[in-house]
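Coordinate analysis (summary)
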Amino acid sequence: HIVGDIYWDGKAVERNLSYALECFEKTASYGNDPYACRQAGDMYFRGLGAARDYARAVQYLEKKDEPYADDMLGICYLLGYGCEQNMARGRILLERSGNTKYKNYGLGMMYAEGLGVREDIGKGVEYLKAAGEYEPAKEALKNYKKSLFGVWRRR
């Protein structure tokens, strides 16, 4: 995974994300490097170094034994990206993850759409806004508007 990091950073060599991914995958295949699993899963989730592939992201993110990247795995389970949808598991993973744009997006979708929880569009919109410039969150926000009385509703 050290070679993968070198090609990821691009400081000592020209940045090459596809080779970095290849290095992380090779290390992850040995089964004892949660960092490499996390990096490979992250890259497939975001489509870095290869086409976006949620199924492969889930495969790698499931192998890690630490909470980092639980936000990405939570989105996959919540929305059924690359795995069978499991809203309860998605919620647990999202709630225990750090404060990231992915966590805010996932919780925003969960509350705004009522995925495994009682629908609360206002709460969902606040989470989506907290996701900042994350493009899927910005797109999701277009589906909601405030009524004349200040209540969030679907468009």
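A short note on the overall build of the protein
- Of the regular secondary structure elements, the protein holds 9 helices and 2 strands.
- From first element to last, N terminus to C terminus, the protein shows the α and β order α-α-α-α-α-α-α-α-α-β-β.
- By its C-alpha atoms, the protein is 55 × 30 × 25 Å across when sized along the principal axes.
- Here the protein holds 155 residues, and the buried ones make up 41% of them.
- Nonlocal contacts in the protein, meaning residues at least 24 apart in sequence, comprise 37% of its contacts between residues at least 6 apart.
- Element-wise, carbon and sulfur atoms account for 49% of the exposed surface of the protein, whose accessible area totals about 8400 Å².
- Charge centroids of the protein, computed over 24 positive and 22 negative side chains, lie 7 Å from each other.

A closer look at the nonpolar core
- In this structure, F45, Y105, M110, L128 and Y134 are the most contacted members of the largest nonpolar core, which totals 42 residues.
- Listing elements by their share of this core, those giving two or more residues are α2 (17-28), α3 (34-46), α4 (54-63), α5 (70-79), α6 (87-96), α7 (101-113), α8 (121-130) and α9 (135-141).
- When residues of this core are assigned to their parent elements, the largest contribution, 7 residues, is made by α7.
- Look past the residues within four positions of Y134 in its chain and what remains in contact with it is F45, K101, Y102 and Y105.

Points about α2
- Under the 1.5 Å per step criterion, the end-to-end length of α2 is 16 Å for 12 residues, consistent within 8% with the ideal 16 Å.
- Among the residues of α2, those classed as buried are A20, L21, C23, F24, E25, T27 and A28.

What about the packing of aromatic side chains?
- One pass over the full model with this rule turns up 9 aromatic pairs.
- Residues F24 and Y35 carry aromatic rings whose centres are separated by 6.2 Å and whose planes lie at 75 degrees to one another, so their mutual orientation is edge-to-face. Placement of the pair is F24 in helix α2 and Y35 in helix α3, with a sequence separation of 11 residues.
- An angle of 75 degrees between the planes, with centres 5.4 Å apart, marks the rings of F45 and Y54 as edge-to-face.
- A relative accessible area of 21% places Y54 in the partly exposed class.

Here we look at α6
- Listed as buried for α6 are G90, L93 and L94. Along the axis of α6, the buried residues cluster in a sector spanning 95 degrees; they form a single face. Within α6, the exposed residues directed more than 90 degrees away from the buried face are A88, I92 and R96.
- Buried residues belonging to α6 abut α5 and α7.

Description of the pattern of salt bridges
- By the definition in use, this model includes 10 salt bridges.
- Two residues, K138 and E135, come together in a salt bridge whose shortest N-O distance is 3.6 Å. On the criterion of helical spacing, the pair formed by K138 and E135 is a turn pair, its members being 3 residues apart in helix α9.
- Residue class for K138 comes out partly exposed when judged on its relative accessible area of 32%.
- When the shortest N-O distance is used, the salt bridge between K142 and E139 registers 2.9 Å.
- Judged by its relative accessible area of 39%, E139 falls in the partly exposed class.
- Each of E113, E119 and R154 takes part in one network of salt bridges that share partners.

The rules behind each value
- Residues numbered from 1 in each chain as written.
- Predicted model: local features only at pLDDT ≥ 70, side-chain atom pairs only at ≥ 80, totals over all residues.
- Heavy atoms only, no water.
- Helix = DSSP H or I, 4+ residues; strand = E, 2+ residues; numbered from the N terminus.
- Buried < 20%, exposed > 50% of the residue type's maximum accessible area, 1.4 Å probe, protein only.
- Contact = heavy atoms within 4.5 Å.
- Areas by Shrake-Rupley, 256 points an atom, 1.4 Å probe, with all protein chains shown as cover.
- Lys, Arg positive; Asp, Glu negative; His and termini not counted.
- Charge placed at Lys NZ, Arg CZ, Asp CG, Glu CD.
- Core = buried A, V, L, I, M, F, W, Y, C linked by side-chain atoms within 4.5 Å.
- Expected span 1.5 Å × (residues − 1).
- Phe/Tyr/Trp six-rings, centres within 6.5 Å; stacked < 30°, edge-to-face > 60°.
- Arc of directions from axis to C-beta.
- Salt bridge = Lys/Arg side-chain N within 4 Å of Asp/Glu carboxyl O.

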